[in-house]
Amino acid sequence: MSTIDDITSLLGDDASNLLEHQATVDSDLLTLPGGDVVNRVYADTDRNNRVLGSLERLIGSGRLANTGYVSILPVDQGIEHSGGASFAPNPAYFDPENIVRLAVEGGCNAVASTFGVLGAVSRKWAHRIPFIVKINHNELLTAPNTFDQISFGTVDQAYDMGAAGIGATIYFGSEESNRQIVEVAEQFAHAHELGMFTVLWCYLRNSAFKVGGTDYHVAADLTAQANHLGVTLEADIIKQKLPENNGGYKAMNSGDSSYGKLDERIYTDLATDHPIDLCRYQVLNCYSGRIGLINSGGASSGATDKAEAVRTAVVNKRAGGMGLISGRKAFQRPMAEGAELLQAIQDVYLCDEVTIA
């Protein structure tokens, strides 16, 4: 298990900046993760007992069992990014069973993947590790490429294969977002009726979010608002990219344009440019942490993947998040190395010396 010294070493020159930072927004305003999170938080909601049981199973699985934190392996890139682009670095993962095995050997709380992947091995594995069926995808074979999330199956199919939860993506800000919101809201409501928990990938998609050479798809203010829409849909967990900048609303309101609503205190009282403060603003918009925020691990960069993953985990944990969902950094390398990387992420959440900021 990694120690605080190992974590500090991987953080390098950023160690003191990330491990000693005191957040702008006090953690007393947050509902924080913990082993009792289902009884303490979710049990007060309108989720039925079967959903609470599924959430307990998620929280009680893997190396992070009963900490309130989650480590999830997501592998839907075979559709989202093409099978060849995703699995050429390690062709073993064309086989669905290896995806599930990596999640188990890596000590994950759950594995999230497609109907096809999880359905192919459900009788062998669905009772051994919580399945999260990703029910919609962006299909990239149409020429020219289109960017939309469409359903690849039904909630009942996910339930029948023994899934503990379902996941979906909404491209907030896109032309198709209204339809996606309605579809996913109905799917999540049905999943709750059947006793499955729900995870929402709250992504932004609109070319207008790139202004003056800066990409505001990863701006704290815009991604946080996407989170706020996601919890309004009654997602049980929000998945979001770690913010890299801020000021998306300001940029969209530059010149003669008018977009949305903003308050200057978003950028002063509620956040600084520190990565932990930016992530905490995302947590605030998840009902002050009542609904858990998991950040994505990002693309594989090669030799620096482990350090990047640990950094993201430190930011998420210290901001008040619920965990990490990391795929390409793990499955685009040999299984033993992928499992080691996943466990390095988990070690951050198991390390008491990495505290809430």
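Here, every reference points to the structure presented above.
In this report, the structure presented in the accompanying data block is examined. (Residues numbered from 1 in each chain as written. Predicted model: local features only at pLDDT ≥ 70, side-chain atom pairs only at ≥ 80, totals over all residues. Heavy atoms only, no water.)

A look at the overall build of the chain
In step 1: When helices and strands are counted, the chain shows 16 helices and 12 strands.
In step 2: A compact globule built from 357 residues would reach a C-alpha radius of gyration of about 21 Å, and the chain, at 19 Å, matches this within 12%.
In step 3: With 357 residues in all, the chain has 56% of them scored as buried.
In step 4: The contacts of the chain with a sequence gap of at least 6 include a subset with a gap of at least 24, amounting to 73%. (Helix = DSSP H or I, 4+ residues; strand = E, 2+ residues; numbered from the N terminus. Rg over C-alpha atoms; globule rule 2.2 N^0.38 Å. Buried < 20%, exposed > 50% of the residue type's maximum accessible area, 1.4 Å probe, protein only. Contact = heavy atoms within 4.5 Å.)

Considerations on a negative patch on the surface
In step 1: Judged by side-chain charge, Asp5, Asp6, Asp352 and Glu353 come together as a negatively charged surface patch.
In step 2: Relative to the elements of secondary structure, Asp352 occurs in the segment after helix 16 (335–350).
In step 3: With relative accessibility at 71%, the residue Asp352 sits in the exposed group. (Patch = residues over 30% accessible without salt bridge, like charges linked within 9 Å, V, L, I, M, F, W, Y side chains within 5 Å. Areas by Shrake-Rupley, 256 points an atom, 1.4 Å probe, with all protein chains shown as cover. Salt bridge = Lys/Arg side-chain N within 4 Å of Asp/Glu carboxyl O. Lys, Arg positive; Asp, Glu negative; His and termini not counted. Charge placed at Lys NZ, Arg CZ, Asp CG, Glu CD.)

Overview of the pattern of salt bridges
In step 1: Under the defined criterion, the tally for this structure stands at 18 salt bridges.
In step 2: The partner of Asp347 in a salt bridge is Arg63, and the shortest N-O contact between them spans 2.9 Å. Here Asp347 is found in helix 16, whereas its partner Arg63 is found in the loop between helix 4 (49–59) and strand 1 (70–75), with 284 residues between them in sequence.
In step 3: For Arg63, a relative accessible area of 28% gives the class partly exposed.
In step 4: In this structure, the salt-bridge partner of Asp263 is Arg265, at a minimum N-O distance of 2.7 Å.
In step 5: What you see here is one network of salt bridges that share partners, running through Asp46, Arg47, Glu234 and Asp236.

Let's talk about the pairing of strand 3 (residues 131–134)
In step 1: The alternating pattern of strand 3 places Phe131 and Val133 on one face and Ile132 and Lys134 on the opposite face, and all of these are buried.
In step 2: Pairing geometry for strand 3 and strand 6 (residues 165–172), over three bridges, is parallel. Across the sheet, the residue bridging to Ile132 is Gly165, located in strand 6. (Pairing = 2+ DSSP bridges.)

Focus on the nonpolar core
In step 1: In this structure, Tyr42, Leu73, Leu102, Phe131, Leu200, Ile238 and Val314 are the most contacted members of the largest nonpolar core, which totals 117 residues.
In step 2: Examining the composition of this core, we find that eight residues originate from one element, helix 16, more than from any other.
In step 3: Setting aside its immediate chain neighbours within four residues, Tyr42 contacts Val37, Leu52, Leu55, Asp236, Ile237, Arg290, Ile291, Gly292 and Met322. (Core = buried A, V, L, I, M, F, W, Y, C linked by side-chain atoms within 4.5 Å.)

As for the side chain of Asn109
In step 1: With respect to the helices and strands, the residue Asn109 is situated in the loop between helix 6 (96–105) and strand 2 (110–113).
In step 2: A polar side-chain atom of Asn109 sits 3.0 Å from the main-chain carbonyl oxygen of Ser61.
In step 3: A distance of 3.5 Å separates the side chain of Asn109 from the backbone oxygen of Tyr69, its partner in a polar contact.
In step 4: Leave out the neighbours within four places in its chain, and Asn109 touches Leu58, Ile59, Ser61, Leu64, Tyr69, Val70, Ser71, Ile129 and Pro130. (Polar contact = N/O pair within 3.5 Å; in protein donor to acceptor, adjacent residues only side chain to side chain.)

Section: the packing of aromatic side chains
In step 1: Enumeration over the complete set of coordinates arrives at six aromatic pairs.
In step 2: Ring geometry for Phe87 against Phe94: centres 5.2 Å apart, planes inclined by 70 degrees, an arrangement best described as edge-to-face.
In step 3: For Phe87, a relative accessible area of 7% corresponds to the buried category.
In step 4: Linked through ring pairs, Phe87, Tyr93, Phe94 and Phe331 together constitute an aromatic cluster.
In step 5: A cation sits over an aromatic face here: Lys134 above Trp201, 5.2 Å from the ring centre.
In step 6: One cation-aromatic arrangement involves Lys241 over Tyr203; the distance from NZ or CZ to the ring centre is 4.9 Å. (Phe/Tyr/Trp six-rings, centres within 6.5 Å; stacked < 30°, edge-to-face > 60°. Lys NZ or Arg CZ within 6 Å of the ring centre and 35° of its normal.)

Brief notes about the side chain of Glu80
In step 1: On the secondary structure map, Glu80 appears in helix 5 (residues 77–87).
In step 2: Within the structure, the side chain of Glu80 is placed 3.1 Å from the backbone nitrogen of Asn138, a separation counted as a polar contact.
In step 3: What Glu80 contacts, discounting residues up to four positions off in sequence, is Lys134, Asn136, His137, Asn138, Leu140, Gln149 and Tyr171.

Looking at unusual backbone geometry
In step 1: Residue Pro144 is reached from Ala143 by a cis peptide bond, and omega for that bond is -5 degrees.
In step 2: Looking at where Pro144 falls in the secondary structure, it is placed in the loop between strand 4 (136–138) and strand 5 (149–151).
In step 3: Located in the positive-phi region is Glu234, a residue other than glycine, with phi close to 65 degrees.
In step 4: Within the secondary structure layout, Glu234 lies in the loop between helix 11 (220–232) and strand 10 (237–240).
In step 5: For Glu234, a relative accessible area of 29% corresponds to the partly exposed category.

Considerations on the packing of helix 1 (residues 4–11) against helix 14 (residues 305–319)
In step 1: Between helix 1 and helix 14, the shortest axis-to-axis distance is 9 Å and the interhelical angle comes to 110 degrees. In terms of orientation, helix 1 lies roughly perpendicular with respect to helix 14. Like other packed secondary-structure pairs, helix 1 and helix 14 cross with a definite hand, here left-handed. Together, Ile7, Leu10 and Leu11 of helix 1 and Lys306, Ala307, Val310, Arg311 and Val314 of helix 14 make up the contact between the two elements. (Axes fitted to C-alpha atoms, helices over the stretch in contact; angles between N-to-C directions. Parallel < 35°, antiparallel > 145°, perpendicular 65-115°, else oblique. Left-handed = near helix turned anticlockwise from the far one by under 90°.)

Digging into the sheet that holds strand 1
In step 1: Reading around the circumference, 1-2-3-6-7-10-11-12 is the order of the eight strands in this closed barrel, with parallel pairing throughout. The sheet shows a mean angle of 25 degrees between the axes of neighbouring strands, taken without regard to direction.
In step 2: Summarising the sheet, strand 2 and strand 3 pair through three bridges and their orientation is parallel. The partner of Ser113 across the bridge, within strand 3, is Val133.
In step 3: Contacting strand 6, strand 7 (197–204), strand 10 and strand 11 (292–296), helix 11 runs over the sheet at an angle of about 150 degrees to strand 7.

In short, shape yes, function no, at least from these values alone.
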